[in-house]
Amino acid sequence: MSQSELWVAPAPSLVQAPAIRVRHLWHRYGAMDVLRDVSLEVGHGEIFGFIGPNGAGKTTTIRIMATLLDPMAGRVEIDGIDVSVDPDQVRKIIGYMPDHAGVYDRITVREYLEFFADSYRVTNLGVVDAVIELTDLGNLQDRLVAALSKGMKQRLGLARILLHDPKILILDEPASDLDPRARIEIRDLLLELRELGKTIFLSSHILTELSDVCTSVGILERGKLVVAGPIGEIAERLEEQRAAQAVGLAPGDPGAPRPIQAFVPATLEPAPAPAADGAPAVEPPPAVVTTAGGAEIPAATRKRLRLRVLGDARVVMPLIAGGTGILGVEPGPGGQLTVYYVGNDRFVADVVRHLVASGVGIVGVEPERNELERIFLEVTRGDLQ
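Quick caveat: nothing in here was measured; it's all calculated off a predicted structure. (Residues numbered from 1 in each chain as written. Predicted model: local features only at pLDDT ≥ 70, side-chain atom pairs only at ≥ 80, totals over all residues. Heavy atoms only, no water.)

### Let's talk about the pairing of strand 11 (residues 303–309)
In strand 11, alternate side chains face the same way, and those of Lys-303, Leu-305, Leu-307 and Val-309 are buried while those of Arg-304, Arg-306 and Arg-308 on the opposite face are not. Here 5 bridges tie strand 11 to strand 14 (residues 362–367), and the two strands are oriented antiparallel to one another. Within the sheet, the bridge partner assigned to Arg-308 lies in strand 14 and is Gly-364. (Buried < 20%, exposed > 50% of the residue type's maximum accessible area, 1.4 Å probe, protein only. Helix = DSSP H or I, 4+ residues; strand = E, 2+ residues; numbered from the N terminus. Pairing = 2+ DSSP bridges.)

### What to know about the pairing of strand 12 (residues 326–331)
Note that strand 12 and strand 13 (residues 336–341) share 5 bridges and pair antiparallel. Across the sheet, residue Gly-328 finds its bridge partner in strand 13, namely Tyr-340. Between the end of strand 12 and the start of strand 13, which pair antiparallel, lie 4 residues, with Gly-334 showing a positive phi angle near 65°.

### Observations regarding the packing of aromatic side chains
Applying the stated criterion across every chain yields a total of 8 aromatic pairs. For the pair Phe-50 and Phe-201, a centre-to-centre distance of 5.1 Å together with 50° between the ring planes defines the contact as tilted. In this pair, Phe-50 sits in strand 3 (residues 47–51) while Phe-201 sits in strand 8 (residues 199–203), placing the two residues 151 residues apart along the sequence. Considered together, Phe-50 and Phe-201 belong to a single accessibility category, that of buried residues. Their ring planes at 55° and their centres at 4.9 Å tell us that Tyr-112 and Phe-116 sit as a pair that is tilted. One end of the pair is Tyr-112 and the other is Phe-116, both in helix 4 (residues 109–119) and 4 residues apart, which spans about a single turn. Comparing Tyr-112 with Phe-116, the two get one shared label, buried. By the ring-pair criterion, three or more aromatic residues cluster together here, those being Tyr-104, Tyr-112, Phe-115 and Phe-116. Across the ring face of Phe-116, the terminal group of Arg-160 is positioned such that the distance to the ring centre comes to 5.4 Å. (Phe/Tyr/Trp six-rings, centres within 6.5 Å; stacked < 30°, edge-to-face > 60°. Lys NZ or Arg CZ within 6 Å of the ring centre and 35° of its normal.)

### Topic: the pattern of salt bridges
Considering all chains together, one arrives at 15 salt bridges under this definition. With a closest N to O distance of 3.1 Å, Asp-88 and Arg-91 form a salt bridge. Of the two residues, Asp-88 and Arg-91 both sit in helix 3 (residues 87–93), 3 residues apart, roughly one turn of that helix. Overall, Arg-91 belongs to the partly exposed group, its relative accessible area being 41%. The shortest N-O distance in the salt bridge between Asp-350 and Arg-353 comes to 2.7 Å. In this pair, Asp-350 and Arg-353 both sit in helix 11 (residues 345–357), 3 residues apart, roughly one turn of the helix. Given a relative accessible area of 15%, Asp-350 falls into the buried group. (Salt bridge = Lys/Arg side-chain N within 4 Å of Asp/Glu carboxyl O.)

### Points about helix 10 (residues 313–320)
The complete set of buried residues in helix 10 reads Ala-313, Val-316, Met-317, Leu-319 and Ile-320. For helix 10, the angular spread of buried residues about the axis comes to 160°, placing them on one side. Taken together, the buried residues of helix 10 touch strand 11, strand 12, strand 13 and helix 11. The backbone nitrogen of Arg-314 lies 3.0 Å from a side-chain oxygen of the residue at the head of helix 10, namely Asp-312. (Arc of directions from axis to C-beta. Contact = heavy atoms within 4.5 Å. Polar contact = N/O pair within 3.5 Å; in protein donor to acceptor, adjacent residues only side chain to side chain.)

### Observations regarding the side chain of Thr-199
Within the element layout of this structure, Thr-199 appears in strand 8. A relative accessible area of 1% places Thr-199 in the buried class. Here the side chain of Thr-199 touches Gly-45 through a polar contact of 2.8 Å, landing on its backbone nitrogen. In contact with Thr-199, other than residues within four places in its own chain, are Ala-19, Val-42, Gly-43, His-44, Gly-45, Glu-46, Lys-167, Ile-168 and Leu-169.

### Remarks on the nonpolar core
Core analysis: the largest hydrophobic core is formed by 48 residues, its most contacted members being Leu-113 and Leu-171. Once residues lying within four places of it in the same chain are set aside, the contact partners of Leu-171 are Ile-62, Met-97, Leu-158, Ile-161, Leu-190, Ile-200, Phe-201, Leu-202 and Ser-203. In terms of nonpolar packing, the next biggest core, distinct from the first, is built from 28 residues, Leu-25, Val-34, Val-38 and Ile-94 among them. (Core = buried A, V, L, I, M, F, W, Y, C linked by side-chain atoms within 4.5 Å.)

### Considerations on the environment of Ser-358
Relative to the helices and strands, Ser-358 is located in the loop between helix 11 and strand 14. Since its relative accessible area comes to 36%, Ser-358 is described here as partly exposed. Linking Ser-358 and Val-316, residues 42 residues apart in sequence, is a C-alpha distance of 9.5 Å.

Spelled out as structure tokens, the structure:
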């Protein structure tokens with residue numbers, strides 16, 4: 001038997017296409033290029049946040065994905081299906097909710113959903129009951145749509161696009177113009193939908209809320225994709241770039257310092273001299289800190305972790321102060337402890353593990369949630385089309 005006879009090509013069906021694949025996408029309105037060579041991929045089961053200023057091209061990209069607009073150049077595939085070649089098949093597997101989607105006002109919530117279930121050729125009306133339960137519209141199902149709040153209408157819009165059980169949800173500003181409670185409810189619903197196996201692609205301007213739900217992001221400016229990928233990986237790449245630039249090197253060059261990624265406790269020394277009340281004295285975090293390679297850590301990379309421990313937080317301070325990557329530790333009332341540090345999520349996990357192993361009771365852990373804002377401000381220039 002020859003070597004060629006031993007080799008068997010893998011079956012194409014075993015290679016799963018990404019949920020969304022965009023390749024070299026261009027689009028133009030008149031003489032203006034609103035999309036310029038945009039390429040990205042979204043894996044199955046992700047919540048992908050699409051971010052950018054007004055006029056960046058987000059809605060145009062979404063309308064092409066939703067088969068409402070043909071690209072002038074490039075290719076968009078939804079679950080391996082080209083949106084320009086077989087748009088009807090794409091529509092069967094996506095749920096698209098535009099920004100400020102219109103609703104029929106003079107019918108009830110249930111009548112609205114039954115109408116669209118019929119439009120989707122959903123014959124089992126039990127699906128309507130299931131969607132009402134999922135979106136928590138049960139108490140409102142007999143109310144006229146016109147009487148719903150903005151947040152409830154957005155929830156109804158999500159219920160509508162779930163009727164045919166799409167694999168992929170494409171949402172354009174789903175939390176726009178909502179009050180804080182409605183935004184929290186929409187966020188929690190998106191997380192629940194991801195748990196059900198849905199892939200979610202959404203655009204938004206609300207960066208702090210996206211950082212709580214998104215697994216990956218793409219940032220668009222002036223029609224070009226400036227960065228895309230998991231939030232943590234993007235943050236790490238930027239930190240490496242900043243640390244290298246601080247010593248005049250490029251990321252990856254020999255001798256270029258890497259950001260601190262792991263916590264190593266310092267050798268414990270006697271606690272600081274007690275203050276007047278008998279507790280260890282508190283020192284403010286240093287203004288400047290350098291890596292092992294001698295690079296100054298920029299202020300933008302410094303993060304804050306809030307812990308709540310059982311007992312007096314000041315007694316816990318010597319357990320982590322002086323450890324690798326720890327810039328400062330400040331106690332607060334009620335067992336509150338603020339830790340200034342440089343590192344990633346693994347670093348935070350190492351700090352918590354060290355404290356638990358030292359016998360400290362951890363009641364709460366709250367990392368600062370500003371990575372996405374920091375990334376957005378760093379990679380964009382604020383230019384408009």
